[in-house]
Amino acid sequence: MNYERPQFFHLMQYARAAEGDVVDMVSGDPDWEPPTALRDGLREYADAEPDEFQYPPSEGLVELREEIAARRNVDPGRIVVTNGTGEANYLAMAAALDRNAGSEVLLADPVYPYYPGKTELLGGDTTLVPTERDGSIDPDRFREAASEDTALVLVNTPNNPTGAVYSRETMRDLADLAAEVDATLVSDEVYDHFDFTGGFESALTLDSDRVIVTSGFSKSMAITGFRVGYAVLPEQFVGGAKTRHMLVNVATSRPPQVAVLRALRGTEPEYYERVRSMLRDRVSTFTDALDVADAEYTTPDGAFYVLARFDGFPGTMANAKRLVDGAGVAGMPGETFGSARAEWFRFALVTPRVEEAATRLADYFS
Ligand SMILES: Cc1ncc(COP(=O)(O)O)c(C=O)c1O
């Protein structure tokens, strides 16, 4: 895989350069408003004293770590504030691989493409474990794939791209498996606010010293450009993660941390409920229109992506470009998410024009 120029970037550029109008459903960049308190926090920051423009503590602003810790019901000392969930994942994966407890990394297929990329970067070896047809995980498949060399089991729930939300039992089984083979379980929960079923439970509730949870505010506050995330690490991993974070980054930028803190304190649950409700509407509008196109599709329990499959039209990059040019709709080819959904396309519901997109797809395939 070529990580210098990520596939989504390549396709977005292709869509932008297209002659006709294109509905862009490629990336996971929210198109909705961030919380009002976040904008307020940014404005206020512009007038702060010069000392507030200097280095923050490397592991993150104390108040922000405390605010996150209170919400996650953990000790603030276990939290490292990172440059997005992406860096939190990197630190968590490094922690698991640094233990010299093996080099194998078990990932669910379809897979968020940066996981195998980071595995390679950290000198680990990826083993992809297929998920079930509905996107759920069968822990027995992970058990069959695991070996003495397994250092890390990494999953993402609610899931990109399948929309699956893993049950607490599944996560418990995966944590047990990690204990059996002396590995670490990492749960990437960046879509934790996008659970449509009410069934999502953070892996932190497992209260295991083998579990690292990563998350961030890119999606929940619609601020992918701010780069604020965090890792919640068991005590034995905290020192190593802080050192790596400091040596690579020094710290996460201060202004977005201040704005996120302000937004955490000043945002009512209704903000998140409104966004979920809008996304639920988009899911049903898009999938209703896909019915007309006779497409097979997933109805997500969480996150904000729909996978769709069109007969005789596999999810290749070449076909994604054909959809841009022929249908005026841009979606990610399934082949970029491992092998399990290579026949599918992933459409991100980050535009109000979802109905138009699905109608265009129906016209294209009729
Ligand atoms: C599963 C998953 N993890 C991590 C990320 C990156 O999140 P962040 O912007 O917080 O680094 C994404 C972004 O799309 C994602 O889908």
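Residues numbered from 1 in each chain as written. Predicted model: local features only at pLDDT ≥ 70, side-chain atom pairs only at ≥ 80, totals over all residues.

Asker: Explanation requested: the domain arrangement of the protein in the structure shown.
Answerer: How big an interface is tends to be stated in terms of the accessible area lost upon association of its parts. Examined at the domain level, the protein breaks down into domain 1 (7–34 + 269–365) and domain 2 (37–266). Distance from the C-alpha centre of domain 1 to the C-alpha centre of domain 2: 26 Å. Taken together, the contacts link 26 residues of domain 1 with 31 residues of domain 2. When contributions to the side of domain 1 that touches domain 2 are tallied by element, the ones reaching two or more residues are α10 (269–292) and β10 (305–309). With four residues, α10 is the single largest residue contributor to the side of domain 1 that touches domain 2. Split by residue class, the side of domain 1 that touches domain 2 holds twelve nonpolar, seven polar and seven charged. (Domains from an automatic or database assignment. Contact = placed C-beta atoms within 7 Å. Helix = DSSP H or I, 4+ residues; strand = E, 2+ residues; numbered from the N terminus. Nonpolar A, V, L, I, M, F, W, Y, C, P; charged D, E, K, R; others polar.)

Asker: Help me out: how do you make sense of the site of the ligand in this one?
Answerer: Surveying the vicinity of the ligand reveals 13 residues, the closest of which are Gly84, Thr85, Gly86, Gly216 and Ser218. Per element, the largest residue contribution to the shell around the ligand is three residues, and it comes from helix α4 (residues 84–97). For the shell around the ligand, the per-class residue count stands at two nonpolar, ten polar and one charged. (Near = placed C-beta within 6 Å.)

Asker: Sorry if this is basic, but what is going on with the sheet that holds strand β5 (residues 150–156) here?
Answerer: Where strands meet in a sheet, backbone hydrogen bonds hold them as pairs that are either parallel or antiparallel. The strand order across the open sheet built from seven strands is β2-β8-β7-β6-β5-β3-β4, with neighbouring strands paired in mixed fashion. The strands lining the two open edges of the sheet, one partner per strand, are β2 (79–82) and β4 (125–130). Adjacent strand axes in the sheet meet at a mean angle of 20 degrees when their direction is disregarded. Where strand β3 (residues 104–109) and β5 come together, four bridges link them in parallel fashion. Each residue of the ladder has a partner; that of Val105, found in β5, is Leu152. In the packing of helix α3 (residues 62–72) onto the sheet, the strands contacted are β2 and β8 (229–232), and the crossing angle to β2 comes to about 120 degrees. Contacting β2, β7 (211–216) and β8, helix α8 (residues 235–249) crosses the sheet at an angle of about 20 degrees to β2. (Pairing = 2+ DSSP bridges. Axes fitted to C-alpha atoms, helices over the stretch in contact; angles between N-to-C directions.)

Asker: Please explain the UniProt feature "domain: Aminotransferase class I/classII large" (unreviewed entry) in the protein as it appears in this structure.
Answerer: When the UniProt feature table is mapped onto this chain numbering, "domain: Aminotransferase class I/classII large" (unreviewed entry) sits at residues 21–357. Span residues 21–357 is 39% helix and 17% strand, its end C-alpha atoms 11 Å apart. (UniProt positions renumbered as here; feature names shortened; annotations may be inferred.)

Asker: I tried to follow the sheet that holds strand β1 (residues 23–25) on my own but got confused; where do I start?
Answerer: Strand order in the open sheet formed by five strands is β1-β11-β12-β10-β9, and the pairing between neighbours is mixed. Because the sheet does not close on itself, it has two edges, and the strands there are β1 and β9 (296–297). The sheet contact formed by β9 and β10 spans two bridges and is antiparallel. When the sheet's bridge partners are listed, Tyr297 is paired in β10 with Ala308. Most of the contacts of α10 go to β10, to which it runs at about 5 degrees, and overall it touches β9, β10 and β12 (344–348).

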